[in-house]
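The chain contents come next:
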Amino acid sequence: AETLVQTLDGPLPSLDIPQQRLFETQQGILVGTPAYMSPEQAYGKHDAMDQRSDIYSLGVLFYELTTLRHPFESCETLEALLGAITQTDPVPAWSVVHPAQGRVPRELGFMIAKAMARDPAERYGTLEPWAAELEAYLDARSGIYCTSTFVKRGVQGYTHFLDSHRVLAVSLLGLIALSSLLG
């Protein structure tokens, strides 16, 4: 078979598969649905595949659910798709804007990027830590990933405090307003 993509780990096989079939399970040299393959699966390194390969595939699915597009949707051939999966990072989910919905929150975008890391060692090892991060995000306890998530977390904490302690919050705001008028 002719080699069309050369990688550091060797050539990727050349398979002539129409674009509409990139989302169907393929059999032969590659086993699985190409659009959801992890880099190690795309390389054909079946001995390197473990639960982190599944985490990658779930990351692709989560990317699609949150952005309403596939991370490598511009790829029209299997060769281009496998090359993109193994050699490039997708556009960060938080920077994708779809007319049907707003931007993906950065916290979710960082989780998706971690799940879709090309290096399996950089991905979640199992689903439990990812599920815990998602749960923390839903409970407004998400981690701090950058300046914007730091500010968001501070605002969320403040509004949570206001919601939980309304009388105290109103009293404090009254004292602040009174002291600014008098002082």
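We now turn to the structure provided with this report. All values derive from a computational prediction rather than experimental measurement. (Residues numbered from 1 in each chain as written. Predicted model: local features only at pLDDT ≥ 70, side-chain atom pairs only at ≥ 80, totals over all residues. Heavy atoms only, no water.)

Right, let's talk about the packing of helix α2 (residues 51-67) against helix α5 (residues 127-138) for a bit. Where α2 contacts α5, the axes come no closer than 11 Å and their chain directions differ by 30°. Taken together, α2 and α5 sit at an angle that is classed as roughly parallel. The interaxial crossing formed by α2 with α5 has right-handed handedness. Contacts between α2 and α5 involve Ile55, Leu58, Gly59 and Phe62 from the first element and Leu127, Trp130 and Leu134 from the second. Looking at side-chain class alone, the contact of α2 with α5 contains six nonpolar, one polar and no charged residues. (Axes fitted to C-alpha atoms, helices over the stretch in contact; angles between N-to-C directions. Helix = DSSP H or I, 4+ residues; strand = E, 2+ residues; numbered from the N terminus. Parallel < 35°, antiparallel > 145°, perpendicular 65-115°, else oblique. Left-handed = near helix turned anticlockwise from the far one by under 90°. Contact = heavy atoms within 4.5 Å. Nonpolar A, V, L, I, M, F, W, Y, C, P; charged D, E, K, R; others polar.)

What follows deals with the packing of aromatic side chains. For any two aromatic rings, the description comes down to two numbers: the centre-to-centre distance and the angle of the planes. Counting across every chain of the model gives three aromatic pairs. Seen in terms of ring centroids, Phe62 and Trp130 are 5.7 Å apart; in terms of plane orientation they differ by 85°. Their pairing is edge-to-face. Of the two residues, Phe62 is situated in helix α2 and Trp130 in helix α5; the sequence distance between them amounts to 68 residues. Ring centres of Trp94 and Phe110 lie 4.6 Å apart, and the angle between their planes is 25°; on these two criteria the pair is classed as stacked. Note that Trp94 is positioned in the loop between α3 (78-87) and α4 (106-115) and Phe110 in helix α4, a separation of 16 residues in sequence. (Phe/Tyr/Trp six-rings, centres within 6.5 Å; stacked < 30°, edge-to-face > 60°.)

With that settled, the discussion passes to α5. Taking 1.5 Å per residue as the helical rise, α5 with its twelve residues ought to reach 16 Å, and the 16 Å between its terminal C-alpha atoms agrees with that figure. One or two residues past the end of α5 sits Ala140, with phi positive at roughly 60°. (Expected span 1.5 Å × (residues − 1).)

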